Amino acid sequence: MDSTAHTQERLLYKQVKKIPLIELLKKEHKIPRGRTHAIVEQASTDILAFCSEDYKLRKNSSIYKPFEKLLKEENIQFQKHIIVVDGNKFYVDYIIHHKLKSSIVNDIIPKLSIWNSYDGTVKTQIHFGYHRLLCGNGLSRPVGCQIKLSSKHSADEDEFINETVPHFLDMFKVFLKESTFDIKIFERMQRKKVSDSFLEDIADKLKFSKEAREIAKVQMKKEISGDMSYVNTAGELVLSSKSPVTVFSVYNALNYAIYHTNSKELPEFKSKRDRLLVDEICHFI
């Protein structure tokens, strides 16, 4: 694990607790209604979020560690990518080392993402999609990215670990079975040739910025020229092949632009934009 990954892992599992604000403020301070408590990091006493008395803190350690334990018990190999925003919003991608059958789009593997927050702005939820080995981007499901919101954010911790987390794994297994249909749609996208102007047409409709368009065009040129190196599911360094301009290559170029512009944009907004993109793209196959 490199130093950046180690830092993100540490931030993910920092020790936190919920305490009454009166313990942090002087008695003469008036406590705002509905914000009577705070989520603090125990080691530094940094305030991560404010909340009400009845807000039930769901610690990351009750989500990610139990889920990873189940993955390992099922012998499901994965690579983890963590994003922590403002110390209180957490986005964890699990890139699954599972080869999907396709002779046309052979650099895509399954991915699931689990999100959580300590400020209530991001509900505990799981997403399913794909990871593209060639460029390292996440791809939305072409038939609509499924999202599972935990409807019991106030659920007892043991209940969440013993019931909800195993349900997340069950959902992932269903997703793997359904992935065959998704891959067929990606293949249809790759078979559908389009003109060079197609990228601009989609970018216009979805109001991509000038910067995003330029990034997409550069990526598109790389995609169709071939000879981009990447490590395949067997751990081998391989080169991509030349490709005509297709619906799939346009999707990938614009998807790449979404994830490589506006670094301050939160993952949930990038994910939403990508779902809008793939929905629009699928109209043309």
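Quick caveat, the model's predicted, so the values are computed rather than measured.

Right, let's talk about helix α2 (residues 64–73) for a bit. Residues Y64, P66, F67, E68, L70 and L71 constitute the buried set of α2. In this structure, the buried residues of α2 make contact with α1 (3–12), β4 (78–85), β5 (89–96), β6 (108–117) and α3 (157–191). Looking at the residues trailing α2, positive phi occurs at N75, about 60 degrees.

This part covers the packing of helix α4 (residues 198–205) against helix α6 (residues 247–259). Where α4 contacts α6, the two axes come as close as 10 Å, and the packing angle between them is 50 degrees. Judged by the angle between their axes, α4 and α6 are oblique. Here the hand of the crossing between α4 and α6 comes out right-handed. Together, F198, L199, I202 and A203 of α4 and V247, V250, A253 and L254 of α6 make up the contact between the two elements.

Next up on the list: the pairing of strand β7 (residues 125–132). The element β7 is extensively covered by neighbouring structure, given that 8 of its 8 residues are classed as buried. The pairing of β6 with β7 spans 8 bridges and is classified as antiparallel. Each residue of the ladder has a partner; that of S113, found in β7, is H127. Inspection of the sheet shows β7 paired to strand β8 (residues 138–140) by 3 bridges, in the antiparallel sense. Bridge pairing in β8 links H131 to G138. Between β7 and β8, which follow one another and run antiparallel, lie 5 residues, and G136 among them has a positive phi close to 80 degrees.

Assignment of secondary structure puts N255 in helix α6. We classify N255 as buried; its relative accessible area is 0%. In terms of polar contacts, N255 uses its side chain to reach the side chain of N137, at 2.9 Å. With residues near it in sequence (within four places) discarded, N255 still touches N137, G138, L139, D274 and L277.

What counts and how
- Residues numbered from 1 in each chain as written.
- Predicted model: local features only at pLDDT ≥ 70, side-chain atom pairs only at ≥ 80, totals over all residues.
- Heavy atoms only, no water.
- Buried < 20%, exposed > 50% of the residue type's maximum accessible area, 1.4 Å probe, protein only.
- Helix = DSSP H or I, 4+ residues; strand = E, 2+ residues; numbered from the N terminus.
- Contact = heavy atoms within 4.5 Å.
- Axes fitted to C-alpha atoms, helices over the stretch in contact; angles between N-to-C directions.
- Parallel < 35°, antiparallel > 145°, perpendicular 65-115°, else oblique.
- Left-handed = near helix turned anticlockwise from the far one by under 90°.
- Pairing = 2+ DSSP bridges.
- Polar contact = N/O pair within 3.5 Å; in protein donor to acceptor, adjacent residues only side chain to side chain.

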